[in-house]
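Close look at the chain arrangement
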Amino acid sequence: MPPYAYVALVTLLALLAYFWMGLQVGRARGKSGIQAPAMTGDPELERTIRAHYNTLEWLPLFLVPLWLFAMFWDERIAAAVGVVWIVGRVIYQRGYVADAGKRSTGFLIQALAVAVLLFGSLGRVIYLLATGASV
């Protein structure tokens, strides 16, 4: 199997989830009758847009550590944590669209996944630099 195939698959799945969220914005626009570029006027549309944009805001915080964790620790663990992040983002989006107060569970899941990837890769890189060890 090619190196990093699992992480590549998770990366693509994360982007597909983001694409799906964009389609949900279009669906909410059609349902509300509010055309672009307007972004306000219907609470469900506003929550759908915000969930989509918030995912965009988190993508760099997820994708960079995902790949660094895979390179410096373990690809399969990185991919598994990446799947957890995707599930968390979908739960977040579904909850947020239903009611802004219902986004907390998904947010916590994805934030913990990012924390594992970010601090895991940061710790490993610092350790390797400090000890002169190789990957």
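See the structure printed just above.
None of these values were measured; they are calculated from a predicted model.

Some remarks on a nonpolar patch on the surface
A cluster of nonpolar side chains, L118, F119, L122 and I126, forms an exposed patch at the surface whose accessible area comes to about 380 Å². Following the sequence through the fold, I126 ends up in helix α4 (residues 104-131).

A few points about the packing of helix α1 (residues 5-32) against helix α3 (residues 75-98)
For any two helices packed against each other, the geometry is given by the interaxial angle and the distance between the axes. The N-to-C vectors of α1 and α3 enclose an angle of 10°; their axes lie 8 Å apart at closest approach. In this view, α1 runs roughly parallel relative to α3, as classed from their interaxial angle. Across the interface between the two elements, A5, Y6, V7, V10, L13, A14, A17, W20, M21 and Q24 of α1 pack against E75, R76, A78, A79, G82, V83, W85, I86, R89, V90, Q93 and R94 of α3. Across the contact of α1 with α3, the residue classes break down as 15 nonpolar, three polar and four charged.

Details of the side chain of R47
As for its placement among the helices and strands, R47 is situated in helix α2 (residues 43-72). For the buried R47, no salt bridge is present, and the opposite-charge side chain at shortest range is E44, 4.9 Å distant. Within polar-contact distance, the side chain of R47 engages the backbone oxygen of Y96 at 3.2 Å. Among residues more than four places away in sequence, those in contact with R47 are Y96, V97, A98, D99 and A100.

Conventions and cut-offs
- Residues numbered from 1 in each chain as written.
- Predicted model: local features only at pLDDT ≥ 70, side-chain atom pairs only at ≥ 80, totals over all residues.
- Heavy atoms only, no water.
- Patch = residues over 30% accessible without salt bridge, like charges linked within 9 Å, V, L, I, M, F, W, Y side chains within 5 Å.
- Areas by Shrake-Rupley, 256 points an atom, 1.4 Å probe, with all protein chains shown as cover.
- Salt bridge = Lys/Arg side-chain N within 4 Å of Asp/Glu carboxyl O.
- Helix = DSSP H or I, 4+ residues; strand = E, 2+ residues; numbered from the N terminus.
- Axes fitted to C-alpha atoms, helices over the stretch in contact; angles between N-to-C directions.
- Parallel < 35°, antiparallel > 145°, perpendicular 65-115°, else oblique.
- Contact = heavy atoms within 4.5 Å.
- Nonpolar A, V, L, I, M, F, W, Y, C, P; charged D, E, K, R; others polar.
- Buried < 20%, exposed > 50% of the residue type's maximum accessible area, 1.4 Å probe, protein only.
- Lys, Arg positive; Asp, Glu negative; His and termini not counted.
- Polar contact = N/O pair within 3.5 Å; in protein donor to acceptor, adjacent residues only side chain to side chain.

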